[in-house]
Amino acid sequence: QVQLVESGGGLVQPGGSLRLSCVASGRFSSRNTMGWYRQAPGKQRALVAIMTSSGTIVSADFVKGRFTISRDNAKNAVYLQMNSLKPEDTANYSCNLKIESNNYWGQGTQVTVSS
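Heads up: these notes are all about the structure in this document. (Residues numbered from 1 in each chain as written. Predicted model: local features only at pLDDT ≥ 70, side-chain atom pairs only at ≥ 80, totals over all residues. Heavy atoms only, no water.)

**Regarding the state of the cysteines**
A full pass over the atoms with the stated rule returns 1 disulfide. A sulfur-sulfur distance of 2.0 Å marks the disulfide that ties Cys22 to Cys95. Of note, the bridge from Cys22 to Cys95 carries an S-S torsion of about -85° and is left-handed in sense. Pair noted here: Cys22 is in strand S3 (residues 18–25) and Cys95 is in strand S9 (residues 91–99), with a separation of 73 residues, a long-range link. Residue Cys22 shares its accessibility class with Cys95, and that shared class is buried. (Disulfide = S-S within 2.5 Å. Helix = DSSP H or I, 4+ residues; strand = E, 2+ residues; numbered from the N terminus. Buried < 20%, exposed > 50% of the residue type's maximum accessible area, 1.4 Å probe, protein only.)

Here it is as structure tokens:
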């Protein structure tokens with residue numbers, strides 16, 4: 001009975017910023033990994049950044065220096081601050097919660113970077 005709800009997507013110009021939010025509801029272990037994946041048109045879903053409840057971060061190379069992942073464990077929330085956005089960042093961004101071997105997904109929020 002886990003549900004993830006994302007927000008914060010939208011249309012932004014190149015070089016702009018967006019902050020994505022994801023809040024998980026339900027009862028689940030405090031030991032988990034939360035984060036973000038994205039799927040661009042014509043491409044497979046790809047890792048953006050994930051963060052364990054203890055603070056370990058794994059992120060894609062394209063994230064370095066531009067995106068920042070953070071968590072608020074008390075709120076069961078994860079955030080993605082995206083700066084210096086590029087057209088190639090255009091994708092549907094989905095929140096992920098992983099507990100042991102179980103994955104839970106939000107419905108996604110669209111990010112479009114265009115002038």
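**Some thoughts on the side chain of Glu6**
Its place among the elements puts Glu6 in strand S1 (residues 3–7). The charged side chain of Glu6 is buried without a salt bridge, its nearest counter-charge being Arg45 at 8.7 Å. Of the polar contacts made by the side chain of Glu6, one reaches the backbone nitrogen of Gln107; its length is 3.1 Å. At 3.0 Å, the side chain of Glu6 and the backbone nitrogen of Gly108 are in polar contact. When neighbours within four sequence positions are excluded, Glu6 is seen to be in contact with Ser21, Cys22, Trp36, Tyr93, Ser94, Cys95, Gly106, Gln107, Gly108 and Thr109. (Lys, Arg positive; Asp, Glu negative; His and termini not counted. Salt bridge = Lys/Arg side-chain N within 4 Å of Asp/Glu carboxyl O. Polar contact = N/O pair within 3.5 Å; in protein donor to acceptor, adjacent residues only side chain to side chain. Contact = heavy atoms within 4.5 Å.)

**Structural notes on the pairing of strand S11 (residues 109–113)**
By the alternation rule, side chains of S11 split into Thr109, Val111 and Val113, which are all buried, and Gln110 and Thr112, of which none is buried. Of the pairings in the sheet, the one linking strand S2 (residues 10–12) to S11 comprises 3 bridges and is parallel in character. Among the inter-strand pairings, Gly10 is bridged to a residue of S11, identified as Val111. As judged from the 3 bridges shared by S9 and S11, these two strands associate in the antiparallel manner. Counted as the bridge partner of Tyr93 is Thr109 from S11. (Pairing = 2+ DSSP bridges.)

None of the figures reported here should be taken as evidence of function without further support.
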